[in-house]
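The chain contents come next:
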Amino acid sequence: MSEKLEAMRLELRRGILILAVLNALKQEQYGYSLRRALQAVDIDIEEGTLYPLIRRLESYGLLDSRWSSDEGRKRRYYQTSTQGEETLKTLEADWQQLNKALAKISKAGIK
Amino acid sequence: MNFLGKKSPLDRYIADVKSYLPRKNRDDIAEELRANLSEKLAERAEASVIEMTTDAQIKTLSEFGHPLRVAAEYQGERRSLIGPTLYPFYRMSVLVSLTVSTCIILLLLLSELIFRVDLGDVSRVWLFVNTYIYIVGVITAGFVLTERLMERHKYLDSWQPNAWDHSNNALVSAWGALISCIAAVTWLVILNLVEIDHDLDTLIGRNPNPIYTLVLWSKIQMLVLIPQYFHQIFNQAWSRNRLLLRMFSELILTQGCVIVLFSNAQDVLLNYPDVPPSMATTFTYVLWGMIVVTSLSAYSYWHKLTRIALRR
């Protein structure tokens, strides 16, 4: 059961990851710094999942990116694009709605 | 001595991930991955105060994920040729087809070998159709079995660089190996369309038709090559054993061409009286060409082997 529980917890985390990434990237970050930022708020996600996700979001037009050589290191920086911000608003609205629905179920159960 | 040769663990890891990625964006993804992983290794090195050992670097990279899994994540959402809705029907179709194919092939073999019943064209057509069904079924079963074995033995749960440095040549990639495997299987299917006696006389060039000898040696070469290509899909490293097997595969066909050339090459006209006499000369030249090409190929594998031995 613990394996299945872990899989369900992972699925739950993956579900909110896009929200978390779009929010976090309102400030320009590169891959590794984004991971540290998410870890700092207790969102621990595997790097092998996070970095490909960032690229996918960029391919959807939700993020802008640029290469930069800071401190002698080449880094690819990402930031939420205009389209990304609009998508984020929609997703956040959905999230609020789901949260309210879940709170109602937890309190009163389904009738 | 650093068993990885000149390349660092990070270089080897990036090369492994890159080999599993499609050509489009491959270099860009590799560069970005290198930047992020360099930061991770640097941070670990700072935390540990002393310089990270090769093993510590490998462990850190392994925690990131097996290159095959990482590459799969970069290729987007899960894709499958056949989705979950139809998958049970596909699986049943493959199982039924394979079972029916196997039974028909066994029946045909029994009827011809034991009962000496000549089914003529019926036999040939069925063999042709069944061979294709069988190949598709075997390939599907092969991949299913491979995936199960990988899961059971947790093959993708960690990463270790291969003992031998593999070429960064883009051609030597997992996709190239898959294409080679399919081409070799297709060639074997085509060779099977030629009805020959699989006996010693044909093997040593005593068969009246020299083409049959060449076909038999080609079949043997394909049977040795196909498993190697299949293995190379999952492991592209050029190990000593792989180089030896490849050299051996080339020498198989060289041997066949030599036997045909020095035994019965001229008899090709006796078997095909409608072709012009110049074809016999052309056939001889083709055989010489094949001997040269396969010998050079075998020599190139031998040369790589000696270079690896010297590096040790």
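Conventions used here
- The residue numbering used here restarts from 1 in each chain and proceeds along that chain's sequence as written.
- Chains and ligands are labelled by the order in which they are written, letters from A for the one and numbers from 1 for the other.
- Given that the model is predicted, a residue must reach a pLDDT of at least 70 before its local features are reported, and side-chain atom pairs must reach 80 or more before they are shown or counted; all residues, however, enter totals for whole chains, interfaces and linings.
- We count a stretch as a helix when DSSP gives it H or I for four or more residues in a row; a strand needs E for two or more, and each element gets its number in order from the N terminus.
- Burial is judged by counting other C-beta atoms within 10 Å of a residue's own C-beta: 20 or more means buried, 12 or fewer means exposed, and anything between counts as partly exposed, with every C-beta placed from the backbone.
- Residues are treated as contacting if the C-beta atoms built from their backbones sit within 7 Å of each other.
- Here, strands pair whenever DSSP counts at least two bridges between them.
- Under the convention adopted here, Pro, Cys and the residues Ala, Val, Leu, Ile, Met, Phe, Trp and Tyr are nonpolar, Asp, Glu, Lys and Arg are charged, and Gly plus all remaining residues are polar.
- What we call a nonpolar core is a set of buried Ala, Val, Leu, Ile, Met, Phe, Trp, Tyr and Cys residues whose membership is set by joining through C-beta atoms within 7 Å.
- The predictor attaches a confidence to each residue, and that confidence, scored 0 to 100, is pLDDT.
- Every axis in this analysis is a line fitted to C-alpha atoms, fitted for helices over the stretch in contact. Angles between the N-to-C directions lie between 0 and 180 degrees.
- Roughly parallel here means an angle under 35 degrees, roughly antiparallel means over 145, roughly perpendicular means 65 to 115, and every remaining angle is called oblique.
- Here a crossing is called left-handed whenever its near helix is offset anticlockwise from the far helix by less than a right angle, and right-handed whenever the offset is clockwise.
- The span one expects for a helix is its residue count, reduced by one, times 1.5 Å.

Bringing the overall build of chain A into the picture now. The number of helices and strands found in chain A is four helices and three strands. Reading chain A from its N end, one meets helices and strands in the order α-β-α-α-β-β-α. Burial statistics for chain A: of 111 residues in total, 21% are counted as buried. Counting only contacts in chain A whose residues sit at least 6 apart along the sequence, the fraction spanning at least 24 positions is 45%.

Quick look at the overall build of chain B now. For chain B, the helix and strand inventory stands at twelve helices and zero strands. Helices and strands in chain B line up, N terminus first, as α-α-α-α-α-α-α-α-α-α-α-α. Counting only contacts in chain B whose residues sit at least 6 apart along the sequence, the fraction spanning at least 24 positions is 74%.

Let us now look at the sheet that holds strand β2 (residues 63–70) of chain A. Residues and elements named next belong to chain A. If you walk across this open sheet you meet the three strands as β1-β3-β2, and the pairing is antiparallel. Looking at which strands have only one partner, the edges of the open sheet turn out to be β1 (29–30) and β2. For β2 and strand β3 (residues 73–80), the ladder comprises eight bridges, and the chain directions are antiparallel. Residue pairing across strands places Asp64 opposite Gln79, the latter belonging to β3.

It is worth spelling out the environment of Ser158(B) at this point. Residues and elements named next belong to chain B. Topologically, Ser158 is positioned in the loop between α6 (121–152) and α7 (174–192). With 13 C-beta atoms counted inside 10 Å, the residue Ser158 sits in the partly exposed group. The sequence separation of Ser158 and Phe64 amounts to 94 residues, and the corresponding C-alpha distance is 8.7 Å. Setting aside its immediate chain neighbours within four residues, Ser158 contacts Ser62 and His66.

Turning to the interface of chain A and chain B, a few remarks are in order. With 14 residues of chain A at the contact, the number on the chain B side is 13 residues. Elements with a contribution of two residues or more to the side of chain A that touches chain B: α2 (31–40), α3 (47–59) and β3 of chain A. Top contributing element to the side of chain A that touches chain B by residue count: α3(A), with seven residues. Classifying every residue of the side of chain A that touches chain B gives three nonpolar, three polar and eight charged.

On to the pairing of β3(A). All names here are of chain A. Strand direction decides the pairing type here: β1 and β3, joined by two bridges, are antiparallel. Residue pairing across strands places Tyr30 opposite Tyr77, the latter belonging to β3. What sits between β2 and β3 in their antiparallel hairpin is a turn of two residues, with Glu71 showing a positive phi close to 50 degrees.

This part is about the nonpolar core. In globular proteins that are soluble, nonpolar side chains generally tend to be buried together. In this structure, Ile54(A) and Val17(B) are the most contacted members of the largest nonpolar core, which totals 29 residues. Those elements giving two or more residues to this core turn out to be α1 (2–24), α2 and α3 of chain A together with α1 (9–19), α2 (26–48), α3 (54–64) and α4 (67–74) of chain B. For this core, the element with the highest residue contribution is α3(A), accounting for four residues. Those residues in contact with Ile54(A), other than ones at most four positions away along the chain, are Val21(A), Gly31(A), Leu63(A) and Tyr78(A). Of all hydrophobic cores here, the second largest spans 13 residues; its members include Tyr212(B), Val215(B), Ile252(B) and Leu287(B).

Attention now goes to unusual backbone geometry. All names here are of chain A. Here Asp42, not a glycine, exhibits a phi torsion of approximately 65 degrees, which is positive. Relative to the assigned elements, Asp42 resides in the loop between α2 and α3. In this structure Asp42 comes out as exposed when scored by C-beta crowding, with 6 C-beta atoms within 10 Å.

This part takes up α1(B). Working note: α-helix, 3.6 residues per turn, so residues spaced by three or four point in the same direction. Residue and element names in this part refer to chain B. Of all eleven residues in α1, eight are buried, a share of seventy percent or more. Turning to α1, its buried residues are Pro9, Arg12, Tyr13, Ile14, Asp16, Val17, Lys18 and Ser19. Buried residues along α1 sit in contact with α2, α3, α4 and α7.

Per-residue confidence for chain A gives a mean pLDDT of 88; residues scoring 70 or more make up 97%. Here α1(A) stands out as the element of chain A with the lowest mean pLDDT, 86, in contrast to β1(A), whose mean of 92 is the highest.

This brings us to the packing of α1(B) against α4(B). All names here are of chain B. In the contact formed by α1 and α4, the axes pass within 8 Å of each other and the chain directions differ by 50 degrees. By the criterion of interaxial angle, the relationship of α1 to α4 is oblique. Pair α1 / α4 crosses with right-handed handedness. Here Tyr13, Asp16 and Val17 of α1 come into contact with α4, specifically with Pro67, Val70 and Ala71.

Another aspect to go through is the environment of Val293(B). All names here are of chain B. As for its position among the elements, Val293 is in helix α12 (residues 278–311). The class of Val293 is partly exposed, set by 14 C-beta atoms lying within 10 Å. Placed 43 residues apart in sequence, Val293 and Glu250 show a C-alpha to C-alpha distance of 9.0 Å.

All names here are of chain A. Its 13 residues give α3 an end-to-end C-alpha distance of 18 Å, which sits within 8% of 18 Å, the value for a rise of 1.5 Å per residue. Listed as buried for α3 are Gly48, Leu50, Tyr51, Ile54, Arg55 and Leu57. In the stretch just after α3, Gly61 is the one whose phi turns positive, near 85 degrees.

Attention now moves to the environment of Leu214(B). Within the secondary structure layout, Leu214(B) lies in helix α9 (residues 210–234). Beyond its immediate sequence surroundings of up to four residues, Leu214(B) is in contact with Gly256(B) and Val260(B).

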